[in-house]
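What the coordinates show
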Amino acid sequence: NIFGSQPQQQEGAKTLRIAYTTVETVDPQVITNGMWILTRGILEGLVTQTETGDSVNPATAESWEISDDNLTYTFKLRENAKWSNGDPVTAHDFEATYKRLFTPSGASAGGTTLGANSYQASTGIKGAVEFLSGALTDWSQVGVKATGDKELVITLANPNPDLLPALSHPSLLPLHMKTVEEKPDDWQKPPNFITNGPYAVTNWVMNSTLDLVPNENYWDRGQVFYDNIQVQLIEATASGTQTVPYENNETDIVGIPDVDVQRFQKDPELSKHLKVVENYSVAYLAKLRSENPALEDIRVRQALSMAMSRDTLAGVVTGAKAGQTLVPGRVKGWDDSFALGEDIEQAKRLLAEAGYPDGKGLPEIRILAGVDSPIVAALADVWQKNLGIKVRPDIVESGVYVERRWQVQKGDYIGFYFGTFAGLPTWPTYTGSLWSPIDVQKFSLPSASWAQYQKIEQDKELDAGTKNKQLAALLKEKSSPGSREMADLVAKGYSEPDDAKRLAIFKEAAGVREQESLYIPVLWLSVYFAVRPTIEGIVMRAYPDYFYLKGLKPKA
Amino acid sequence: MTKSPLRHAWDRFRRNKLALGSLIFCGLLIIVALSAPLIAPFHYTDTDFDNKLVGPGVGGHLLGTDALGRDVFSRVLYGLRTALSVAFGAEVTALVLALIIGLLAGYVGGRLEQGLMAGTDVMYAFPSYLFAVVLVTVLGRSIFALILAIGIASWVTQARLVRAQVLTLKQREYVEAARSMGASGFTIAVRYILPNAIGPILVTTSFGIPAAIGAEAGLALLGLGVEPPTPSWGGMISEGVRSLLSAPHLLLFPAALFALTLLAFTWVGDGLRDAFDASGDQR
Amino acid sequence: MSLSQDHSAQDHLLEVSDLRTEFRRSDGERLTVVDGISFTVEPGKALAIVGESGSGKSVTVRSLLGLLPRTGRVTGGTAQFQGKDLLALKQRDLRKIRGRDIGMVFQNAMEAMNPTLTVERQLTEHLLWHGICGKADARKRAVQALGDVGIPEPERRVRMYPFQMSGGMRQRAMIAMAMITRPALLIADEPTTAVDVTIQRQLLDLLAGLKDQGTGVIMITHDLGVARYFCDDVMVMYAGRVMERASTLDLLDRPRHPYSIGLLGSSIEVGGRDLPLIPIPGSPPDLARRPKGCPFNPRCTQAEQPRCSEEQELIKVESGSAGSVDHGAACWKAAALV
Amino acid sequence: MSESAKQGEVLVRAESVSKLFSSRAGETLAVDDVSLDVRRGETVGIVGESGSGKSTLARLIMGLQPVTSGRILFEGQELSAMTGKAQHALRGKMQMVFQNPYGSLLPHYTAVGNVAEPLRLHNRGTRESRRAKALELLELVGVNPRFADLSPRQFSGGQQQRIAIARALALEPDLLVCDEPTSSLDVSIQAQILALLEELRGSLGLSCVFISHNLAVVERLADRVAVMRTGKIVEAAPTEQLFADPQDEYTKTLLAAVLPVRA
Amino acid sequence: MGFVRYLASRVARLVVSLIAVSIIAFTLLQLAPGSFADIARVSSGATNIGSAGTEQMVTELENRYGEDKPAWQQYLIFMKGAITWDFGPSYKYAGQDVQDIIATAFPVSATLAIIAVIIALLISVPIGVFAALRKDSIGDHGTMFVVTLGHALPSYLTAAFLILFFTATLHLLPSSGWDGPANMIMPVLALALGPVAVLARYVRSSMLETLREEYVTAALAKGGPYSTVVIRHALRNSLIPLVTVVGPLLAGLMTGTVFVETLFRIPGLGLYFTQAAASRDMPLLMGTTLFFALILMVVNLIVDLIYGALDPRIRAEAGGRGFLRGGRKLWQQSKVQPTSV
Ligand SMILES: Nc1ncnc2c1ncn2[C@@H]1O[C@H](COP(=O)(O)OP(=O)(O)OP(=O)(O)O)[C@@H](O)[C@H]1O
Ligand SMILES: Nc1ncnc2c1ncn2[C@@H]1O[C@H](COP(=O)(O)OP(=O)(O)OP(=O)(O)O)[C@@H](O)[C@H]1O
Ligand SMILES: [Mg+2]
Ligand SMILES: [Mg+2]
Ligand code: NI
């Protein structure tokens with residue numbers, strides 16, 4: 001059958017069709033666009049995100065206890081949690097899955113964890129980093145332990161206020177390890193793929209569809225309402241319009257691109273279909289290293305940040321808001337107190353002070369981007385108008401983009417690269433792991449030192465220990481005082497048990513980062529979905545989960 | 001009465017109204033492309049945030065604006081520039097490569113021919129469009145890279161044609177006659193064979209131009225066209241396809257001009273083919 | 001026409017009168033290629049059409065069979081064949097005559113045979129089309145016909161493709177193809193140009209046999225020797241007109257038209273080493289710029305103006321010797337030229 | 001060149017030359033151990049059945065194809081042993097007229113351009129002098145110089161062949177090889193060419209190799225005739241003798257098959 | 001005998017060409033900026049990764065795929081597998097072997113291409129014959145005019161217009177997916193329209209040429225019914241060279257359908273290739289490139305063989321170069337236009 005899927009739906013079956021980007025693999029421990037579909041309702045972790053995304057609801061774990069030192073988490077798993085093949089979901093499953101995640105690649109069958117392991121290791125689980133690097137080979141020393149069929153204990157090396165939300169990340173979802181080990185090559189292929197979430201996978205045709213049916217053994221089967229879910233896999237970069245299938249009633253839930261949002265909004269009928277997740281990601285600029293030192297002057301960077309007319313830019317993209325800070329407004333406790341603010345006059349003064357009155361003498365500023373974005377074009381326009389400087393976008397192929405971002409640019413090529421970041425809407429995420437202290441420090445290095453830094457990093461002769469020591473020393477010596485200050489503040493924030501105090505510290509750290517202007521916030525972006533009104537129970541939530549499949553139901 | 005073969009071809013071409021009209025249209029396109037800065041009411045990067053995505057005629061924008069309020073008409077004009085420079089550049093590249101390789105292979109023959117033809121076979125086996133994708137990926141996005149990529153991807157067919165032409169012409173008695181007069185291989189290849197092979201070569205080249213314009217647009221669709229914000233039709237079309245329902249003018253105008261240009265060049269090619277194909281006159 | 005009056009209509013196998021054919025050139029210009037030609041063919045007799053290259057010999061016979069290319073058109077005249085006017089027949093009716101009653105041998109045998117079909121197929125398909133016989137019988141006839149034209153091992157050769165045969169064999173196969181239905185009229189357009197003299201002789205003898213069985217033949221040739229050897233009558237064409245028409249011996253021995261005289265003067269033959277060679281001066285006329293009156297006028301050494309610039313009728317110069325056609329020439333001076 | 005002292009001396013000699021063509025389809029011995037002399041001022045006719053190797057022999061004599069065995073000597077020198085330069089120089093002394101008049105002229109050159117081309121290739125004279133010479137030659141072969149700037153396809157077959165002959169004469173060669181120069185022309189044009197050749201032979205003292213399947217033509221032009229069959233010369237004799245008293249069987253059948261035109 | 005040798009030499013050439021193709025592709029890939037790890041990090045949406053994660057990821061990839069080895073060794077390792085039809089696991093589609101991807105996706109592309117070509121033939125042959133028989137009439141010019149329109153429009157544009165018309169306006173056909181015959185209509189049309197134009201003009205001109213042949217006149221002179229003569233003598237002989245156009249056209253369509261595939265969400269092979277190139281997925285890119293090259297060359301070989309089988313002149317020369325000469329020559333003339341992307 002050349003048509004991969006077999007649409008053999010019975011009469012009256014309740015079917016939901018949603019559009020989603022291509023799923024390259026359903027291994028949640030491999031970083032792909034596809035992995036995020038798993039959290040929506042195929043695999044179920046210990047917890048799921050709340051609607052705001054900054055805290056969690058019980059899922060496979062019925063409840064948990066946190067020790068007073070914030071280092072030990074004891075999860076109690078549901079008695080009736082079952083895999084789609086009827087096996088009970090046990091704490092051992094979780095332990096085995098996490099062991100697979102932290103096992104250095106190539107060592108075992110589970111060696112396909114493209115990078116996911118390394119940053120999950122930094123969630124702070126005790127011994128994870130060491131185990132992963134091979135320094136520690138005794139798994140029992142790692143802070144993940146099934147202390148009973150239904151009890152899992154996670155021990156941290158240092159407190160992590162974000163641990164619970166982090167557990168909703170795909171790579172910390174459980175896998176049916178028995179199948180994974182027995183069928184190392186084929187466990188992903190239906191019907192081998194065993195799930196513990198509300199839905200199970202019956203059919204998967206790459207670049208085409210992923211077909212789901214209810215997991216009859218799911219502990220909360222009553223909340224699973226659709227008989228079929230067809231996930232239509234659309235290659236994001238090359239896709240044409242996605243609204244055509246929606247408006248032709250081939251799809252029930254779909255992300256809507258900007259141009260169409262405006263039309264939907266104006267249409268009395270279609271406007272009812274629109275759902276929005278606001279401020280889900282942050283568009284930002286990062287300073288490029290260059291032989292020309294113009295941007296190493298903090299005044300120039302601040303001037304540029306102050307003269308962005310972010311409100312104008314926000315007008316370019318529907319639903320966008322002025323990106324006042326790198327921490328978006330939806331993070332609880334946000335206020336504009338630590339923003340650098342906008343002030344064109346001040347910006348001009350700063351430029352003049354730096355030796356570029358009216359932008360004279362400043363080389364052309366390039367904005368490096370991997371995809372053509374209206375924001376970049378608009379920004380170039382705005383900067384030219386506000387400051388009288390020359391600005392030109394530099395849109396390159398993605399391979400070039402990733403390579404150039406880390407290079408020291410030749411000659412008078414100065415500028416920023418353009419990117420977007422999104423994460424859990426929490427302070428530790430937005431200060432500790434996105435535009436993290438170490439990154440800020442690295443970006444603050446003068447170009448020469450950065451070149452040196454890269455050289456050490458790539459030196460194959462050095463062993464890991466010496467390398468890290470040398471790098472740390474270099475950072476300490478050459479990075480900007482501001483960046484070091486930020487690093488200290490973030491570290492302090494992590495171990496501060498008091499919520500209010502912690503918030504204040506993080507906010508201060510974020511403020512220092514804004515002042516440095518190595519990373520410059522541009523816009524806070526929203527994402528729009530069209531959801532057919534025949535669907536009930538949809539709750540739009542924060543990045544990255546957007547909505548869960550569980551609880552969706554057809555209107556009677 | 002005094003008419004060279006080229007003159008004859010031209011006479012035949014002239015009688016073909018469609019081809020002649022197309023040729024004039026193509027000439028106009030070239031003039032327009034050259035004078036785009038004079039004609040275009042806006043620069044292609046000029047944004048107009050108050051008039052984003054407006055339809056034709058609104059806010060002084062003849063064909064409307066895109067998501068940034070950039071003038072579609074101006075962008076289409078500049079896109080024409082891109083399209084034509086890439087197409088002509090690529091065709092010249094292809095032609096030069098094809099002539100050198102085809103003439104050498106066809107005339108010299110022997111080992112050299114086998115070697116060259118093996119090389120062409122390999123290049124032929126390399127799916128030309130894939131080759132362009134990889135090459136642009138490697139060289140980065142620039143007009144130069146596109147010209148090279150499309151040119152290299154299309155010289156193969158041309159070289160084969162040149163060689164085939166040379167091989168047939170080589171059989172003609174005048175080549176042997178020339179040899180008997182003491183002409184060198186180079187003279188024969190360049191002075192005697194080439195001018196007589198030029199007809200069909202010209203025809204392929206003229207067909208190559210719309211193909212190259214199409215190829216450029218295709219690469220742009222994959223995000224491998226010229227670097228934005230330089231407008232390219234492919235880029236505009238892919239943007240247009242994405243807003244098919246909400247802003248059809250973004251697709252329709254570039255697509256219409258694109259299609260017209262392709263058609264015009266195709267018809268010119270057709271006309272040339274008929275003009276050079278004297279067989280219609282024989283009996 | 002004035003020449004054939006002494007024959008009763010029933011005698012003629014074919015009577016063509018005042019045939020005119022035009023071509024549209026690709027630049028839109030119209031060329032009269034055959035300009036009012038009349039002749040007759042008798043059963044069991046052969047008519048030779050000779051004349052300069054491009055004088056319209058092939059076009060004349062193609063016009064008769066309705067086989068002109070798309071750009072050509074018969075614009076006038078009649079061609080009575082077995083009581084029907086070929087030129088007035090519908091294609092459907094003409095088709096029934098072609099191949100069955102009139103056979104044609106094309107100028108170039110290599111091109112006139114379909115390279116992708118076997119000789120057998122091509123020899124027999126018209127037998128089937130015309131319902132002359134069944135498949136099995138057709139096959140037998142094909143082998144027989146190939147044998148008849150002197151091709152050795154016909155059983156084997158019949159299964160060959162044309163390109164597998166030598167030029168001479170192909171030419172013979174072509175003749176076999178035309179003869180296989182025993183047509184009443186055979187048209188042969190330069191059937192022997194591609195072969196050397198020895199084979200030419202064989203082919204002519206073969207055709208002579210056919211003639212003896214009552215088939216009328218039109219033979220187009222450049223070779224006056226062939227005409228003399230094989231044909232009963234000769235018609236000389238120049239620029240789409242008949243210049244002279246007579247029985248072969250009359251014409252070759254006593255040509256009356258200056259063009260025929262020139263033609264004979266420029267033919268050379270073995271043993272004629274010491275005869276003077278008198279080429280016709282000038283070059284053939286451009287049909288688009290036909291001279292007024294006699295088309296040969298500009299090249300004619302005998303021309304006298306203004307008489308030669310007037311239209312020239314084919315006039316009778318002399319009665320034909322016993323049973324043969326009258327000797328006619330399209331020149332007012334013909335009677336004076338011997 | 002026309003010094004009578006030189007008359008009779010051998011200009012070209014073919015010494016038991018053979019030519020073998022091998023293709024994947026098989027091998028063809030196109031010319032099989034043929035020896036032939038052409039003396040100064042003499043015309044040698046070659047006749048024979050088609051495919052007997054006449055054209056191949058002509059090409060070998062012209063050095064357009066290498067011999068498989070044997071030697072071709074031009075004025076006592078072996079062609080294949082010469083340097084490229086010497087060969088180039090020699091090309092000026094031997095010229096060929098090809099079977100197909102239109103095909104052998106450069107289609108994109110004018111008539112006069114075609115005639116002047118050998119002069120250009122051998123760097124004779126200036127552009128103007130070459131043109132003047134070419135016009136002179138055209139006139140000599142009877143092509144009105146008024147039409148000198150037309151392209152070859154605008155001439156009739158006979159005129160084209162005249163232009164080809166003019167071109168062959170441009171370098172004042174000692175030897176002219178004609179490969180069926182009239183076979184594609186009709187009798188009246190053939191007669192024009194023959195008359196021209198006869199005249200030129202008398203006035204320029206050319207040596208000539210003349211290939212034709214038309215026995216009458218050969219009889220007319222040649223001093224001696226060689227009859228070829230399947231790559232071999234089966235008979236060679238002075239013309240009159242050959243026609244009057246053929247020795248070889250094949251020659252006899254050939255002559256017997258000729259159809260007379262006149263009574 | 002000769003034929004076997006001929007075939008053997010063709011296959012040998014094919015192998016050498018494939019090796020050359022692989023070397024070029026590999027070299028190009030080495031020259032390309034960026035690596036899979038770098039790009040994956042940016043494009044995967046794995047935005048939480050700090051820089052520590054990247055380092056880890058790069059080393060991991062290097063270990064897994066041998067990217068730490070010198071390029072020539074990597075090449076040899078890859079080719080060693082490739083010989084046994086094992087291209088190894090894709091980087092991007094982790095857990096999938098490249099040959100499995102090809103095995104599932106290629107049939108889809110091939111089906112699409114084959115149907116498109118069949119449709120194109122069914123439409124273009126009658127059109128071409130019609131136009132040739134009515135040369136220079138209004139009908140001829142009219143059809144050829146329309147046909148050129150179809151040709152000038154690249155498939156992606158045709159596809160967009162088809163969607164706009166059939167889906168967005170008429171709501172007749174599904175715009176995307178690959179679930180049943182209704183899904184095929186638009187992609188097949190989009191792919192077939194270009195070839196219709198190419199083939200129709202080809203049939204027309206080849207038909208015109210054949211109609212001019214003396215043997216067609218000769219067949220008419222034998223009293224053949226017009227239709228019989230046109231079909232048996234003219235059409236048959238005009239269609240033989242068509243094989244040489246259809247082959248490469250088919251191969252081209254099989255490899256070049258990426259736009260149509262993405263636009264209609266069809267799980268074909270074209271999409272994989274572009275993704276492989278964009279993400280520097282070495283095994284997938286090499287695998288698909290080699291596979292495409294193989295397809296192209298095999299199709300060419302088949303075309304030459306079929307051509308020989310159809311035309312007795314070439315068949316007779318089998319073992320000689322006849323196959324090549326006849327087939328290729330015509331084919332070169334016809335391949336005037338590269339398949340538009
Ligand atoms: N299809 C055509 N279109 C235009 N003119 C044509 C066509 N066919 C023939 N002619 C012209 O008609 C004239 C007569 O041609 P035809 O073939 O009858 O000559 P012919 O006497 O048979 O010559 P040959 O002895 O060379 O065969 C020529 O001047 C030729 O140019
Ligand atoms: N280049 C070649 N390759 C292979 N065989 C050839 C080649 N040239 C000629 N032959 C063969 O050599 C033989 C002699 O050919 P040649 O052309 O010399 O004959 P010819 O006497 O001139 O015949 P014709 O009278 O037909 O011109 C023929 O069998 C021919 O097929
Ligand atoms: Mg004729
Ligand atoms: Mg010859
Ligand atoms: Ni009468």
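Calculation rules
Residues numbered from 1 in each chain as written. Chains lettered and ligands numbered in written order. Predicted model: local features only at pLDDT ≥ 70, side-chain atom pairs only at ≥ 80, totals over all residues. Heavy atoms only, no water. Helix = DSSP H or I, 4+ residues; strand = E, 2+ residues; numbered from the N terminus. Rg over C-alpha atoms; globule rule 2.2 N^0.38 Å. Buried < 20%, exposed > 50% of the residue type's maximum accessible area, 1.4 Å probe, protein only. Contact = heavy atoms within 4.5 Å. Areas by Shrake-Rupley, 256 points an atom, 1.4 Å probe, with all protein chains shown as cover. Lys, Arg positive; Asp, Glu negative; His and termini not counted. Charge placed at Lys NZ, Arg CZ, Asp CG, Glu CD. Axes fitted to C-alpha atoms, helices over the stretch in contact; angles between N-to-C directions. Parallel < 35°, antiparallel > 145°, perpendicular 65-115°, else oblique. Left-handed = near helix turned anticlockwise from the far one by under 90°. Pairing = 2+ DSSP bridges. Domains from an automatic or database assignment. Buried area = accessible area lost by both parts, 1.4 Å probe. Salt bridge = Lys/Arg side-chain N within 4 Å of Asp/Glu carboxyl O. Polar contact = N/O pair within 3.5 Å; in protein donor to acceptor, adjacent residues only side chain to side chain. Nonpolar A, V, L, I, M, F, W, Y, C, P; charged D, E, K, R; others polar. UniProt positions renumbered as here; feature names shortened; annotations may be inferred. Near = heavy atom within 4 Å. pLDDT = per-residue confidence, 0-100. Patch = residues over 30% accessible without salt bridge, like charges linked within 9 Å, V, L, I, M, F, W, Y side chains within 5 Å.

Let's shift gears to the overall build of chain C. Secondary structure assignment for chain C yields 11 helices and 12 strands. Taken over the C-alpha trace, chain C has a radius of gyration of 20 Å; the compact-globule value for 338 residues is 20 Å, and the two agree within 12%. By residue count, 57% of the 338 residues in chain C fall in the buried class. Contacts spanning at least 24 positions in sequence make up 64% of the contacts within chain C whose residues lie at least 6 apart. Accessible surface for chain C amounts to roughly 13,300 Å². Of this, 49% is attributable to carbon and sulfur atoms. Averaging the positions of the 42 positive and the 40 negative side-chain charges in chain C gives two centres separated by 7 Å.

With that out of the way, let us pick up the packing of helix 9 (residues 298-306) of chain A against helix 11 (residues 344-353) of chain A. Residue and element names in this part refer to chain A. Interhelical geometry of helix 9 versus helix 11 gives an angle of 160° and a closest axis separation of 8 Å. Considering their axes alone, helix 9 and helix 11 lie roughly antiparallel with respect to each other. The way helix 9 lies across helix 11 gives a crossing that is left-handed. Taken together, the residues of helix 11 that come into contact with helix 9 (itself represented by Arg299, Val300, Gln302, Ala303 and Met306) are Ile344, Gln346, Ala347, Leu350, Leu351 and Glu353.

Here we take up the environment of C:Arg254. Residues and elements named next belong to chain C. With respect to the helices, strands and loops of the structure, Arg254 is situated in the loop between helix 10 (248-253) and helix 11 (258-266). Sequence separation between Arg254 and His126 is 128 residues, and the spatial gap between their C-alpha atoms is 43 Å. Aside from chain neighbours lying at most four places away, what touches Arg254 is Glu244, Leu249, Glu318 and His327.

Here we come to the sheet that holds strand 5 (residues 84-85) of chain C. Residue and element names in this part refer to chain C. Strand order in the open sheet formed by four strands is 2-1-4-5, and the pairing between neighbours is antiparallel. Since the sheet does not close on itself, it has two edges, and those belong to strand 2 (30-41) and strand 5, each with one partner. Most of the contacts of helix 1 (residues 57-65) go to strand 1 (residues 14-24), to which it runs at about 105°, and overall it touches strand 1, strand 2 and strand 4 (72-81).

Quick look at the environment of D:Thr110 now. Residue placement: D:Thr110 occurs in the loop between helix 3 (101-104) and helix 4 (111-121). In this structure D:Thr110 touches D:Ala148, D:Asp149, D:Leu150 and D:Ser151, once residues within four positions along its chain are discounted.

A few words on the domain arrangement of chain C. Residue and element names in this part refer to chain C. Here chain C is partitioned into domain 1 (14-101 + 183-336) and domain 2 (112-182). Here domain 1 and domain 2 have C-alpha centroids that lie 29 Å from each other. At the boundary of domain 1 with domain 2, total buried surface from both sides reaches about 1,200 Å², with 68% on carbon and sulfur atoms. Area buried by domain 1 at its contact with domain 2 is led by Arg100, Pro183 and Leu206, which between them contribute 37% of it. Here domain 1 and domain 2 share zero salt bridges between them. Our enumeration of links across domain 1 and domain 2 arrives at five residue pairs in polar contact (both at pLDDT 80 or more). Of all the secondary structure elements, the ones that give two or more residues to the side of domain 1 that touches domain 2 are helix 2 (91-97) and helix 8 (197-212). If you tally residues by element for the side of domain 1 that touches domain 2, the top one is helix 8, at six residues. Residue composition of the side of domain 1 that touches domain 2, grouped by class: 11 nonpolar, two polar and five charged.

Residue and element names in this part refer to chain A. One open sheet holds the four strands; their spatial order is 4-5-7-6, and the pairing between them is antiparallel. Every other strand in the sheet has two partners, leaving strand 4 (61-66) and strand 6 (144-148) as the edge strands with one partner each. Across the sheet, the mean angle from the axis of one strand to that of its neighbour is 20°, orientation sign disregarded. As paired strands, strand 4 and strand 5 (residues 72-77) are joined by five bridges and run antiparallel to one another. Bridging across to strand 5, Trp64 finds its partner in Phe75.

A word on the pairing of strand 7 (residues 185-189) of chain C. All names here are of chain C. Within strand 7, five of the five residues are buried, leaving the element largely enclosed by the surrounding structure. Where burial is concerned, the two faces of strand 7 agree: the one with Leu185, Ile187 and Asp189 and the one with Leu186 and Ala188 are both buried. Direction of pairing for strand 7 relative to strand 8 (residues 216-220): parallel, over a ladder of five bridges. When the sheet's bridge partners are listed, Ala188 is paired in strand 8 with Met219.

Our focus in this paragraph is the UniProt feature "transmembrane region" (unreviewed entry) in chain E. Residue and element names in this part refer to chain E. Under the feature "transmembrane region" (unreviewed entry), the UniProt entry names residues 12-32, 112-133, 145-172, 184-203, 239-264 and 284-307. Secondary structure across residues 145-172 comprises 82% helix and 0% strand; the distance between its end C-alpha atoms is 28 Å. Along residues 184-203 the backbone is 100% helical and 0% strand, and the end-to-end C-alpha distance reaches 26 Å.

The next thing to look at is the site of ligand 2. Residue and element names in this part refer to chain D. The immediate surroundings of ligand 2 are formed by Phe21, Thr28, Ala30, Ser50, Gly51, Ser52, Gly53, Lys54, Ser55, Thr56 and Glu180. Lys54 is positioned such that a nitrogen or oxygen atom in its backbone is 2.8 Å from an oxygen atom of ligand 2. Interatomic distance of 2.6 Å between a side-chain N/O atom of Ser55 and an oxygen atom of ligand 2. The fraction of the free accessible surface of ligand 2 (630 Å²) that becomes covered by protein chains is 61%. Looking at the shell around ligand 2, the elements with two or more residues in it are strand 2 (26-39) and helix 1 (54-62). For the shell around ligand 2, the element with the most residues is helix 1, which contributes three residues. Considered class by class, the residues forming the shell around ligand 2 number two nonpolar, seven polar and two charged.

With 30 residues of chain D at the interface, the matching set in chain B holds 19 residues. The junction of chain D with chain B conceals about 2,200 Å² of combined surface from both sides, 55% of it contributed by carbon and sulfur atoms. Residues D:Glu117 and B:Arg191 are paired through a salt bridge, measuring 4.0 Å at the closest nitrogen-oxygen approach. Applying the counting criterion to the chain D and chain B interface returns eight residue pairs in polar contact (both at pLDDT 80 or more). Of all the secondary structure elements, the ones that give two or more residues to the side of chain D that touches chain B are helix 1, helix 2 (84-91), strand 6 (94-97), helix 3 and helix 4 of chain D. The element contributing the most residues to the side of chain D that touches chain B is helix 4 of chain D, with four residues. Looking at the side of chain D that touches chain B residue by residue, the classes come out as 13 nonpolar, 10 polar and seven charged.

Let us now look at the environment of A:Phe418. Residues and elements named next belong to chain A. Note that Phe418 resides in strand 18 (residues 414-421). Residues Phe418 and Asn248, spaced 170 residues apart in sequence, show a C-alpha to C-alpha distance of 35 Å. Among residues more than four places away in sequence, those in contact with Phe418 are Ala283, Tyr284, Leu285, Ile367, Leu368, Ala369, Ser373, Ile375, Val376 and Tyr401.

Residues and elements named next belong to chain C. Per-residue confidence for chain C averages 85 on the pLDDT scale, and 95% of its residues sit at or above 70. Ranking the elements of chain C by mean pLDDT puts helix 3 (residues 109-112) last with 76 and strand 8 first with 94. Scored below 50 in pLDDT, residues 1-9 shows 12 contacts in the model against residues more than four places distant or in partner chains.

This part is about a nonpolar patch on the surface. All names here are of chain B. On the surface, Val92, Val96, Ile100, Leu104, Val108 and Leu112 cluster together into a nonpolar patch covering about 490 Å² of accessible area. When residues of the nonpolar patch are assigned to their parent elements, the largest contribution, five residues, is made by helix 4 (residues 72-108). Relative to the assigned elements, Leu104 resides in helix 4.

A few words now on the side chain of E:Arg265. Within the fold, E:Arg265 resides in the loop between helix 12 (258-264) and helix 13 (269-279). Here the side chain of E:Arg265 touches A:Ser208 through a polar contact of 2.6 Å, landing on its backbone oxygen. Look past the residues within four positions of E:Arg265 in its chain and what remains in contact with it is A:Asn207, A:Ser208, A:Thr209, A:Gln232, A:Leu233, A:Ile234, E:Ser176, E:Gly177 and E:Trp178.

Let's shift gears to the pattern of salt bridges. Residue and element names in this part refer to chain C. Counted under the stated rule, the structure contains 62 salt bridges over all chains. In this structure, Lys96 and Asp93 form a salt bridge, with 3.7 Å as the shortest nitrogen-oxygen distance. Of this pair, Lys96 and Asp93 both sit in helix 2, separated by three residues, roughly a single helical turn. Under the relative-accessibility criterion, Lys96 is labelled partly exposed at 45%. Relative accessible area serves as the criterion here: at 26%, Asp93 is assigned to the partly exposed category. Note that Lys316 is salt-bridged to Asp326, the shortest N-O span being 3.6 Å. With Lys316 in strand 11 (residues 315-318) and Asp326 in the loop between strand 11 and strand 12 (327-329), this pair connects stretches of sequence that are 10 residues apart. Through salt bridges that share partners, Asp18, Arg20, Asp35, Arg241, Arg290 and Glu311 make up one connected network.

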